[in-house]
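Examination of the molecular architecture
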Amino acid sequence: MPIVVLKDVKKSFGSLQVLHGVSFSVEKGEVVALIGASGSGKSTALRCMDRLETIDSGEIHVCGHRVDDPGLDLRKLRLDVGIVFQSYNLFPHLTIEENIVLAPRSVKKLDKAAAREIARGVLAKVGLSDKADTYPEQLSGGQQQRAAIARSLAMEPQVMLFDEVTSALDPKLTGEVLRVIEGLAASGMTMIMVTHEMGFARRIADQVVFMHKGRIHEHGSASILTEPATAELRDFVSEEL
Ligand SMILES: Nc1ncnc2c1ncn2[C@@H]1O[C@H](COP(=O)(O)OP(=O)(O)OP(=O)(O)O)[C@@H](O)[C@H]1O
Ligand SMILES: [Mg+2]
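Everything quoted here is computed from the prediction, not taken from an experiment. (Residues numbered from 1 in each chain as written. Chains lettered and ligands numbered in written order. Predicted model: local features only at pLDDT ≥ 70, side-chain atom pairs only at ≥ 80, totals over all residues. Heavy atoms only, no water.)

**Quick look at the side chain of threonine 190**
Within the secondary structure layout, threonine 190 lies in strand β8 (residues 190–194). Ignoring sequence-local partners within four residues, the contact set of threonine 190 consists of Ile3, Val26, Glu27, Lys28, Gly29, Glu30, Gln158, Val159 and Met160. (Helix = DSSP H or I, 4+ residues; strand = E, 2+ residues; numbered from the N terminus. Contact = heavy atoms within 4.5 Å.)

In structure tokens:
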């Protein structure tokens, strides 16, 4: 069974239907780039996978959890799924390490030493070993975003969801964050990422899902970015370059 499955997922906000039957599946270790114009439903689809939104019909399976089941144990789902947004949402009054150990301490009930060791490990992974004792405001945007990724990794998720995590960053800082994500991909992490970085998607995505008006309009390997079959994807790719 794939690690993530969406089957005919439909979702409306009031009278506005945002997802018109979205289906795709992701094998363990795969990287999926979710692309499409503003308003096409990318964030909504991603948020539904972590049950930040509920769906109207269809099925979502993530890491063996039936996400569309109203009786789902949210805590268990969130132990397996990490999500990182464009805004870093670090606590400003806590150091980077304190931000990172928070969830392992409270949710996983790890003792101080064990949580600290995990923090050290994930900070090394994102290239921030020397920033453990600094406060978020003392870091650049790219460093804060890497700290936010480290905080998510500290829970040792099976799947990572990224929603335009580099959109607020300039090109240099974007590069730093993308390198971290590329390292995660190389280490075998299953990832679904909403991104406007077409070059990056082409390089690391095993699957590209192109959404248009709440539907998957084109879906395939990264080669669909260089050889789009539809006018919509062709226009989208040329606008993003
Ligand atoms: N909580 C909400 N309430 C009402 N409408 C919403 C809500 N969230 C999203 N929408 C609407 O759903 C549609 C899809 O939004 P979504 O955020 O999924 O798009 P997106 O593809 O992520 O766009 P972007 O690239 O701008 O982030 C939009 O028309 C949006 O206005
Ligand atoms: Mg979005």
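**Points about the sheet that holds strand β7 (residues 159–163)**
Taken in spatial order, the 6 strands line up as β6-β7-β8-β3-β9-β10 in an open sheet, and their pairing is mixed. The open sheet has two edge strands with one neighbour each: β6 (81–84) and β10 (215–220). Each strand axis lies, on average, 15 degrees off the axis of its neighbour in the sheet, ignoring direction. Judged from the 5 bridges that link them, β7 and β8 form a sheet pairing that is parallel. Directly across from leucine 161, in β8, lies its bridge partner isoleucine 192. Each of β6 and β7 is contacted by helix α5 (residues 141–153), which is oriented at about 165 degrees to β6, the strand it contacts most. Together, β3 (31–36), β7 and β8 form the strand contacts of helix α6 (residues 171–186), whose direction differs from that of β8 by roughly 145 degrees. (Pairing = 2+ DSSP bridges. Axes fitted to C-alpha atoms, helices over the stretch in contact; angles between N-to-C directions.)

**Notes on the packing of aromatic side chains**
In total, this model carries 1 aromatic pair according to the counting rule given. Seen from their ring centres, phenylalanine 210 and phenylalanine 236 are 5.6 Å apart, and the 40 degrees between their planes marks the pair as tilted. In this pair, phenylalanine 210 sits in strand β9 (residues 207–212) while phenylalanine 236 sits in helix α8 (residues 231–240), placing the two residues 26 residues apart along the sequence. Both residues of the pair, phenylalanine 210 and phenylalanine 236, belong to the buried class. (Phe/Tyr/Trp six-rings, centres within 6.5 Å; stacked < 30°, edge-to-face > 60°. Buried < 20%, exposed > 50% of the residue type's maximum accessible area, 1.4 Å probe, protein only.)

**Looking at the sheet that holds strand β2 (residues 16–26)**
Read across the open sheet, the 4 strands follow the order β2-β1-β4-β5; overall the sheet is antiparallel. Every interior strand has two partners, whereas the edge strands, β2 and β5 (65–66), have only one. Pairing of strand β1 (residues 4–13) with β2, which is carried by 8 bridges, proceeds in the antiparallel orientation. Residue pairing across strands places valine 9 opposite valine 22, the latter belonging to β2. Sitting on the sheet, helix α1 (residues 42–49) is in contact with β1, β2 and β4 (57–62), with an inclination near 60 degrees to β2.

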